[in-house]
Amino acid sequence: MGLHGVKAVFFDLDNTLVDTAAAGRRAIEEVISALQSKHHYGEGEARAICDKVQAKLLKECHDPAKMCITDLRISHWEEAIQETIGGEANRDLAAECYYLWKTTRLQHLTLAEDTRGMLTELRKRVRLLLLTNGDRQTQREKIEACACQPYFDAIVVGGEQKEEKPAPSIFHYCCDLLGVQPTECVMVGDSLDTDIQGGLNAGLKATVWLNKAMAAPEDTSPVPHYIISSVLDLPAVLQKMEHNINAKLGTDHMASSNE
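Note that this is a predicted model, so its numbers are computed, not measured.

Asks: What am I meant to see in the overall build of the protein chain here?
Replies: In terms of regular secondary structure, the protein chain is built from 9 helices and 6 strands. With the C-alpha coordinates of the protein chain rotated into their principal frame, the extents come out at 85 × 35 × 35 Å. Relative to its full complement of 259 residues, the protein chain shows a buried share of 44%. Here the contacts in the protein chain between residues at least 6 apart in sequence split such that 63% fall between residues at least 24 apart.

Asks: How should I be thinking about the packing of aromatic side chains in this particular structure?
Replies: One pair of aromatic rings is described through two measures. These are the centre distance and the angle between the planes. Tallied over the full model, the rule gives 3 aromatic pairs. Seen in terms of ring centroids, Phe11 and Phe152 are 6.2 Å apart; in terms of plane orientation they differ by 70°. Their pairing is edge-to-face. Taken together, the positions of Phe11 in strand β1 (residues 8-11) and Phe152 in the loop between α6 (136-146) and β3 (154-157) put the pair 141 residues apart, joining distant regions of the chain. As far as the burial class goes, Phe11 and Phe152 line up, both buried. Ring geometry for Tyr98 against Trp101: centres 6.1 Å apart, planes inclined by 35°, an arrangement best described as tilted. Taken together, the residues Tyr98 and Trp101, both in helix α4 (residues 91-107) and 3 residues apart, mark about one turn of the helix.

Asks: Would you take a moment to explain the nonpolar core for this structure?
Replies: Counting residues in hydrophobic clusters, the biggest one holds 33 residues, and the most contacted among them are Val9, Phe11, Leu119, Phe152, Val186 and Leu234. Breaking this core down by element, the ones donating at least two residues are β1, α5 (113-122), β2 (127-132), α6, β4 (185-189), β5 (206-210), β6 (226-228) and α9 (234-258). When residues of this core are assigned to their parent elements, the largest contribution, 4 residues, is made by α9. The contacts of Phe152, once residues within four sequence positions are left out, are Phe11, Leu17, Leu119, Arg123, Leu128, Leu129 and Leu130. Core analysis: the second largest hydrophobic core is formed by 20 residues, Ile49, Ala94, Ala95 and Tyr98 among them.

Asks: Would you mind going over the pairing of β1 with me for this structure?
Replies: Moving residue by residue along a regular strand, the side chains alternate between the two faces of the sheet. Where burial is concerned, the two faces of β1 agree: the one with Ala8 and Phe10 and the one with Val9 and Phe11 are both buried. As paired strands, β1 and β2 are joined by 4 bridges and run parallel to one another. Residue Phe11 lies in a different strand from β2, and its bridge partner there is Leu130. Bridge count between β1 and β4: 4 bridges; the pairing is parallel. Note that in β4 the partner of Ala8 across the bridge is Cys185.

Asks: What is the right way to read empty space enclosed by the protein from this model?
Replies: In this approach the atoms are scanned with a rolling probe the size of a water molecule, which exposes any empty space left behind. The full count for this structure, using the stated rule, is 1 cavity of 30 Å³ or more. Here the largest cavity is characterised by a volume of approximately 70 Å³. Taken together, Ile69, Arg73, Tyr98, Trp101, Lys102, Arg105, Leu106, Gln137, Thr138 and Glu141 make up the lining of the largest cavity. Counting only elements with at least two residues in the lining of the largest cavity, the list comes to α3 (69-85), α4 and α6. The element that contributes the greatest number of residues to the lining of the largest cavity is α4, accounting for 5 residues. Residue composition of the lining of the largest cavity, by class: 4 nonpolar, 2 polar and 4 charged. Residue assignment places the lining of the largest cavity across two domains, with domain 1 (8-18 + 111-256) and domain 2 (21-108) each supplying three or more.

What counts, and at which threshold
Residues numbered from 1 in each chain as written. Predicted model: local features only at pLDDT ≥ 70, side-chain atom pairs only at ≥ 80, totals over all residues. Heavy atoms only, no water. Helix = DSSP H or I, 4+ residues; strand = E, 2+ residues; numbered from the N terminus. Buried < 20%, exposed > 50% of the residue type's maximum accessible area, 1.4 Å probe, protein only. Contact = heavy atoms within 4.5 Å. Phe/Tyr/Trp six-rings, centres within 6.5 Å; stacked < 30°, edge-to-face > 60°. Core = buried A, V, L, I, M, F, W, Y, C linked by side-chain atoms within 4.5 Å. Pairing = 2+ DSSP bridges. 1 Å grid on protein atoms, 1.4 Å probe; cavity = no way out; pocket = protein on both sides within 12 Å on 5 of 7 lines; lining within 4 Å. Points joined across faces, edges and corners; volume = space filled by probe spheres on them. Nonpolar A, V, L, I, M, F, W, Y, C, P; charged D, E, K, R; others polar. Domains from an automatic or database assignment.

Given below as structure tokens:
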């Protein structure tokens, strides 16, 4: 059990373990289709509405104490429809679009078979924790939809904590949950700003950046310890880390023998 020096691996969820972006694209196409066939909008109008919603989602600031995520996101659709079509606000149509988008996205969120296999094998050697930023309700629904709970020793949602990634506090909370030290943990994620910067802020042993495009970022800061193009490449990285540690132990041993 365990790897030399690594006792736990923290995984991000969205666009790391599950392809949330692809599921979102499928959901948007479903809404565009419904707006055209059921509500007789032109394709240009339907796409304009969806583009506006996606822009609002990217800039979304949500305070759960003031408004539930459902009301906020229905409002995104309501505003987008009004901004595109004009006239009276149409809350009913906005709600219909939101629920269609949400249910379609959740239907297409899957934890791939090979990813499940990798997690199962990895968990025989180290402890696994899912660490995701975002609204509590939204993230818990995604976790439920992709049925990833059985593969993890613990699940931590940023929206349920005082601070989210990249704050060191949430990483240290995860370490305490598993009974490990930050220097015994590895963070794997697709975001340089939250996953990699957070892992560095918290003093984790290593950060692994999932860069599917393998394109060099415009800004090279922060610098991850390792870069992979598929989450399935992670076991090889951990093996490499173990090899490096073993080599260092051997060198240290030889040095002490020669003293």
